[in-house]
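The residues making up each chain are set out below.
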Amino acid sequence: DEPDLPHGLTPRDQKSVSIAMIIILSLITVGGHTAKNSFPVLQTFLLRDGFVSSAGYGMILSAQSIPVMIVPFFIGHLYDNVDYKMVTIILLLISLFGQLLFAIAVGLSSFPLAIFAQIISGIGISSIIVAQRALIAENFRVRKIRIVEL
C-alpha cells in the first residue's frame, strides 16, 4: 500500500526530500541563537560607551527571557488552530523586528527602547522552537513516513 507521492517522486526521491527538509527545518533556530549568543561581544561596547551599567546589561539579557515563560503555550495553541506556516513567518518577522529595534535603540542610546526590543525579540525567538517542531511533525505526517524509514 504505497502512499501517493507528490509530483511523481520515487520513494528514494521522497526520502532525499524528507532528509533535506529535516536539515533545513533544524536550521530555523540558528538566527535566534546567534543573536542571543552575540551579547557577550556587545557587552564590552555597551559598558565602555556608557550605554548601560552591569545591572542594565543583565536587565537587557533577561528581558528576552521573559516571553519564554509564557508565549510558547499560546503559540502552541495557535499552531493547532491556525495555518502553522503563516504563524511561523509572522514569528520570524517579529524576531527580526525586535533585533532591528534593538539596534536602533542602541544607536539612539535609549535603554527603555532596548528593553522593549528585547522583549519583542524574545516573543519571536521563544516561539520558533515550537514552530520548528510543528513543521517537522507536519513534514512526517504529510509524507506518511516514519523516522526509521529514513
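Computed from a predicted structure; not experimentally measured.

**Regarding the nonpolar core**
Side chains of a nonpolar character, in soluble globular proteins, are inclined to be buried together.
So, step 1. In this structure, Phe51, Val52, Ile60, Phe102 and Ala114 are the most contacted members of the largest nonpolar core, which totals 13 residues.
So, step 2. Where this core is concerned, the elements lending two or more residues are α3 (39-48), α4 (54-63), α6 (84-108) and α7 (111-143).
So, step 3. Residues Tyr79, Leu91, Ala131 and Leu135 belong to the second largest nonpolar core, which totals nine residues.

**Things to note about unusual backbone geometry**
So, step 1. One non-glycine residue, Ser109, lies in the positive phi region at around 55°.
So, step 2. For Ser109, the position within the fold is in the loop between α6 and α7.

**Description of the environment of Val71**
So, step 1. Of note, Val71 is situated in helix α5 (residues 71-81).
So, step 2. Among the residues examined, Val71 registers a relative accessible area of 16% and is labelled buried.
So, step 3. Sequence separation between Val71 and Ile123 is 52 residues, and the spatial gap between their C-alpha atoms is 6.5 Å.
So, step 4. The contacts of Val71, once residues within four sequence positions are left out, are Ile123, Ser126 and Ser127.

**Here we look at the confidence of the model for the chain**
So, step 1. Looking at the chain as a whole, the pLDDT averages 76, with 74% of positions reaching at least 70.
So, step 2. Taken element by element, the predicted model of the chain shows its lowest mean pLDDT in helix α2 (residues 30-37) (68) and its highest in α6 (86).

**Remarks on α4**
So, step 1. Taken together, the buried positions of α4 are occupied by Gly56, Tyr57, Ile60 and Ala63. Axial view of α4: buried residues confined to an arc of 125°, hence all on one face. Pointing more than 90 degrees away from the buried face of α4 are the exposed residues Ser54 and Ala55.

So, how was this worked out
- Residues numbered from 1 in each chain as written.
- Predicted model: local features only at pLDDT ≥ 70, side-chain atom pairs only at ≥ 80, totals over all residues.
- Heavy atoms only, no water.
- Core = buried A, V, L, I, M, F, W, Y, C linked by side-chain atoms within 4.5 Å.
- Buried < 20%, exposed > 50% of the residue type's maximum accessible area, 1.4 Å probe, protein only.
- Helix = DSSP H or I, 4+ residues; strand = E, 2+ residues; numbered from the N terminus.
- Contact = heavy atoms within 4.5 Å.
- pLDDT = per-residue confidence, 0-100.
- Arc of directions from axis to C-beta.

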